[in-house]
Amino acid sequence: MTQLHNFFLNTQLNSLTKYIYAFFFGSILVLCFPPYSFWPLIFPSITFLFLRSYFSTSLKEAFFIGWFFGLAFFILGLYWIFNSFIIRSDIFIYLIPFCLTILASFLALFIGFVSFLNYKFKKKILFSIIYFSVFWTLSEILRSYLFTGFPWNLIAHTWVNFTNILQICSIFGVYGLTFLTILFVLCVSVFFLKRKLFQKREILFFISVYIFFASIIILGEIRLNNATTNIHDSKIYRVVQPNINQKDKLDIKKIKKNFKKLIDLSFENKMDSLNASEKLVILWPETAIINLNYISSLPIFKKLKFKLKNGEYIISGAFKEKGDQNVLYYNSIVVINNNLLPEFVYDKFHLVPFGEYIPFEKILNKFNFNLTSLQKGNNFPQAITKYKDIPAFKTLICYEIIFPDKYSKDSNFLFNFTNDAWFGNTSGPHQHFVHSIFRAIEHGAQVIRVANTGISASIDPFGRIMQKIDLNTEGKFDTKFITGNSFLNPSIILTTTYSKYGNNLILFILLGLFFILFNKGKIKK
C-alpha cells in the first residue's frame, strides 16, 4: 500500500520520468478495449494521468504528461488502420510509421488538453475528480465532431462485455457512460490511496458514487430481465459473410470465384430454412459488387433469376458510377430483384478521409497529383429507406455506425454494411463491432451488421447479440426484424431517452457541473 501511495503521489520525479511513465500507462489503457477487454487496467492508467497532471509543477508539464499518455494510447490503439497500406502495393510501406505517428500525435492533443485543464482548474481533489471526468468526456465529444470526427475507443467501450452496465446508454448515451466510468474509477482509486486524509463529507461523496454505479448495474440487470421483443414482419433476412480477404477481393482473376462464394452461401439450404410463405432478403457486405456491369455480364448472376422469388431481394454494397465523360464514383447500397434490375437506395455520406477521399484534392490536383476521390451522397441527415414491402430501415455504411447521435436515430432497424478486410486480423474489426452494440441500446433499435470478413451480427434493441459470425470466418445466418417493447406499455414500440435528446442531455449535465464548480473559485490543495 505504501509503495503504491509513493508511486502515484511522489512529487520528486523529474519531468522526463513522468513522460516515460505516462507513455507506459497510455499503452496499458489500450488493453482495456476489444479484443483484449482487460478492463481492470483502467484503474491504474486513468488514476496515473489524473494524479500526475494534478500534482504537476507547471501547465506545460501537465500538458505533456497527457500528450505522451495519448501518444501511446493512439499509436497502439490505432495501428490497425495502416494495415491497408500493406494490402495496397501502390502505397509505400515505409510511410506507415510516419503516418501513424502523425495521426497519434494529433489525437494525443485531446488528452493533452484534458491534463492541461486538470491542472489549470485545480481545486480540492474531490472537485478536481469531477472536473477531470467532465474534461475527459468533453474531449471525447469534441473528438467525435472536429475534423470530420473520430469517436474511436471511447472509455465507455471498456464495458462492452457487461450488457447490464451498458443499459444506462439508453438514457445518457455512450458519453454519459464515459463520464460515469471516469468518475467511478477515480473515486475508487483516489479513496484507496488517500482514504486517511478525507473528511466525513468527502467520504460520503465517494460512497454516493459507489452506490450510484452499483445502481446502474442493478437497474441494467432489471431492464434486461424484463425486456421483451416482437417479430415485426415475416421476411427472413439472411446475412452473408463470404470472408474474402482484401487481396483476393481486388484480384480481377478471382472475381468469378468470389461471386460464386457469395451466391452459394446466399442460397445454401434455402428450401430447408424457409416456409413456403416466407420471403428471403439477402444481405451482402459493403462493396460486395465492385462493378454493377458484372450482374449482366457474368453468367453466374443468371442463377439469381431462378433462385429469387417475387418479393425476394438482395441488398448489397456496390460502387455506383454516375456520368459519362467525368465519371463520379459512390460507395452505395443497391437492391437487386429477380429481374436483376439494380435500384440504388443509399449513397454513403460520411466518407473516410484519406481512404475514400483526399482532403484538398482540387488544390493538390492543380499540382498534377491526379487524385480521385469517391463522392459523398446528398442524403444527410440520413433518410429512412422504404423499399417496396420491406419495412422502413436506415442504412449505415462502414464507419458511419461509430457516430452516436449523427446517423442512427429515427429508425427501429439499422443496417450496417462494412468491409473490414482492409484491416486483416488486427484489433480494428473487433473495436469497430463494439459501436453496433452501443447504437442498438442508445436508440432502442435492432442492428443487423453485414461484414465481409467479420464481425457480422444481429443485435436486439437492448444490445444483446442474437446471432454472430466471428472474424475471418465464412458463414451465414438468418434473422428477422424485431422491435423492443416499451416497459410502460408493452403494446408500444420501445423508445429511449437518448433517441429523443441525443447528446444534448449529457452536454447539459457536463456544462452544468463545470459552471457550478467554476463558481466555487479555485482552491489549491
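Residues numbered from 1 in each chain as written. Predicted model: local features only at pLDDT ≥ 70, side-chain atom pairs only at ≥ 80, totals over all residues. Heavy atoms only, no water.

**So, the pairing of strand β5 (residues 328-336)**
Next up, step 1: Extensive coverage of β5 is indicated by the burial of 7 of its 9 residues.
Next up, step 2: Note that strand β4 (residues 313-322) and β5 share 9 bridges and pair antiparallel. Across the sheet, Phe-319 pairs through a bridge with Asn-331, a residue of β5.
Next up, step 3: Here 5 bridges tie β5 to strand β6 (residues 342-347), and the two strands are oriented antiparallel to one another. Residue pairing across strands places Val-334 opposite Phe-344, the latter belonging to β6.
Next up, step 4: The turn linking β5 back onto β6 is made up of 5 residues, and Leu-340 within it adopts a positive phi angle of 60°. (Buried < 20%, exposed > 50% of the residue type's maximum accessible area, 1.4 Å probe, protein only. Helix = DSSP H or I, 4+ residues; strand = E, 2+ residues; numbered from the N terminus. Pairing = 2+ DSSP bridges.)

**Some remarks on the packing of aromatic side chains**
Next up, step 1: Under the definition given, this model contains 52 aromatic pairs.
Next up, step 2: The interplanar angle of 15° and the centroid separation of 4.5 Å between the aromatic rings of Phe-25 and Phe-48 together place this pair among those described as stacked. In this pair, Phe-25 is assigned in helix α2 (residues 15-29) and Phe-48 in helix α3 (residues 42-54), connecting sequence segments 23 residues apart.
Next up, step 3: Given the relative accessible area of 1%, Phe-48 is considered buried.
Next up, step 4: An aromatic cluster is built from Trp-39, Phe-43, Trp-159, Phe-162, Phe-184, Phe-191, Phe-205, Phe-206, Tyr-210 and Phe-213, whose rings are joined through pairwise contacts. (Phe/Tyr/Trp six-rings, centres within 6.5 Å; stacked < 30°, edge-to-face > 60°.)

**Comments concerning the confidence of the model for the chain**
Next up, step 1: Looking at the chain as a whole, the pLDDT averages 86, with 88% of positions reaching at least 70.
Next up, step 2: Averaged over each element, pLDDT in the chain is lowest for helix α16 (residues 361-365) (55) and highest for strand β10 (residues 456-459) (97). (pLDDT = per-residue confidence, 0-100.)

**A few points about the nonpolar core**
Next up, step 1: Leu-29, Ile-46, Trp-136, Leu-283 and Ile-315 are the most contacted members of the largest nonpolar core, which has 127 residues in total.
Next up, step 2: Among residues more than four places away in sequence, those in contact with Leu-283 are Tyr-237, Arg-238, Val-239, Val-240, Ile-315, Phe-415, Phe-417, Ile-448 and Val-450.
Next up, step 3: Judged by nonpolar contacts, the second largest core, of 25 residues, contains Phe-259, Leu-292, Ile-295 and Leu-308. (Core = buried A, V, L, I, M, F, W, Y, C linked by side-chain atoms within 4.5 Å. Contact = heavy atoms within 4.5 Å.)

**Considering a nonpolar patch on the surface**
Next up, step 1: Among the surface-exposed residues, Phe-106, Leu-109, Phe-113, Leu-142, Leu-146 and Phe-147 lie close enough to one another that they form a single nonpolar patch of about 570 Å² accessible area.
Next up, step 2: It is helix α6 (residues 95-120) that provides the largest number of residues to the nonpolar patch, a total of 3 residues. (Patch = residues over 30% accessible without salt bridge, like charges linked within 9 Å, V, L, I, M, F, W, Y side chains within 5 Å. Areas by Shrake-Rupley, 256 points an atom, 1.4 Å probe, with all protein chains shown as cover. Salt bridge = Lys/Arg side-chain N within 4 Å of Asp/Glu carboxyl O.)

**A word on the pairing of strand β11 (residues 465-469)**
Next up, step 1: Of the strand pairs in this sheet, β10 and β11 are connected by 4 bridges, and their pairing is antiparallel. Bridge pairing in β11 links Ser-458 to Gln-467.

**A short note on the packing of α3 against helix α7 (residues 125-145)**
Next up, step 1: α7 packs onto α3 with a crossing angle of 115° between their chain directions and a minimal axis gap of 11 Å. Considering how the two elements wind past one another, α3 and α7 form a crossing that is right-handed. Facing Ile-46, Leu-49, Phe-50, Leu-51 and Tyr-54 of α3, the residues of α7 in contact are Ile-125, Ser-128, Ile-129, Phe-132 and Trp-136. (Axes fitted to C-alpha atoms, helices over the stretch in contact; angles between N-to-C directions. Left-handed = near helix turned anticlockwise from the far one by under 90°.)

**Looking at the sheet that holds strand β7 (residues 394-397)**
Next up, step 1: Pairing within the open sheet is mixed, and its 5 strands lie in the order β7-β8-β9-β10-β11. The strands lining the two open edges of the sheet, one partner per strand, are β7 and β11. Direction aside, the axes of adjacent strands within the sheet are offset by 15° on average.
Next up, step 2: Pairing between β7 and strand β8 (residues 413-418): 4 bridges, direction parallel. Across the sheet, residue Ile-397 finds its bridge partner in β8, namely Phe-417.

**Description of the environment of Ala-214**
Next up, step 1: Tracing the backbone through its elements, the reader meets Ala-214 in helix α10 (residues 200-225).
Next up, step 2: Given the relative accessible area of 34%, Ala-214 is considered partly exposed.
Next up, step 3: Distance in space between the C-alpha atoms of Ala-214 and Ile-165 is 9.2 Å, their sequence separation being 49 residues.

**Description of the packing of α3 against helix α4 (residues 59-78)**
Next up, step 1: In contact at an axis separation of 9 Å, α3 and α4 are set at 160° when each is read in the N-to-C sense. One finds that α3 runs roughly antiparallel with respect to α4. Both α3 and α4 take part in a crossing whose hand is right-handed. For the pair α3 and α4, contact is made by Ser-45, Leu-49, Arg-52 and Ser-53 and by Ala-62, Ile-65, Gly-66 and Phe-69, respectively.
Next up, step 2: Its residues assigned to classes, the contact of α3 with α4 shows 4 nonpolar, 3 polar and 1 charged. (Parallel < 35°, antiparallel > 145°, perpendicular 65-115°, else oblique. Nonpolar A, V, L, I, M, F, W, Y, C, P; charged D, E, K, R; others polar.)

**Some words on helix α19 (residues 504-518)**
Next up, step 1: In this model α19 runs 21 Å from its N-terminal to its C-terminal C-alpha over 15 residues, within 8% of the 21 Å that 1.5 Å per residue would give.
Next up, step 2: Among all positions in α19, only Ile-506, Leu-510, Phe-514 and Leu-517 are buried. Buried residues of α19 fall within an arc of 75° about the axis and therefore sit on the same side. Among the exposed residues of α19, those oriented more than 90 degrees off its buried face are Asn-504, Phe-508 and Ile-516.
Next up, step 3: The inward-facing, buried residues of α19 contact α7 and α9 (169-194). (Expected span 1.5 Å × (residues − 1). Arc of directions from axis to C-beta.)

**Let's talk about the environment of Gln-431**
Next up, step 1: Position of Gln-431 among the secondary structure elements: in helix α17 (residues 428-443).
Next up, step 2: Look at Gln-431 and you get buried, because its relative accessible area is 2%.
Next up, step 3: It is 7.1 Å that separates the C-alpha atoms of Gln-431 and Pro-35, two residues lying 396 residues apart in sequence.

**Some words on the pattern of salt bridges**
Next up, step 1: The full count for this structure, using the stated rule, is 12 salt bridges.
Next up, step 2: The residue Arg-238 makes a salt bridge to Asp-478 at a minimum N-O spacing of 2.7 Å. Pair noted here: Arg-238 is in strand β2 (residues 236-241) and Asp-478 is in strand β12 (residues 475-479), with a separation of 240 residues, a long-range link.
Next up, step 3: Ionic pairing is found between Arg-449 and Asp-420, a salt bridge with its closest N-O pair at 3.3 Å. Taken together, the residues Arg-449 in strand β9 (residues 446-451) and Asp-420 in the loop between β8 and α17 connect sequence positions 29 residues apart.
Next up, step 4: Looking at Arg-449, the relative accessible area reads 0%, which means it is buried.

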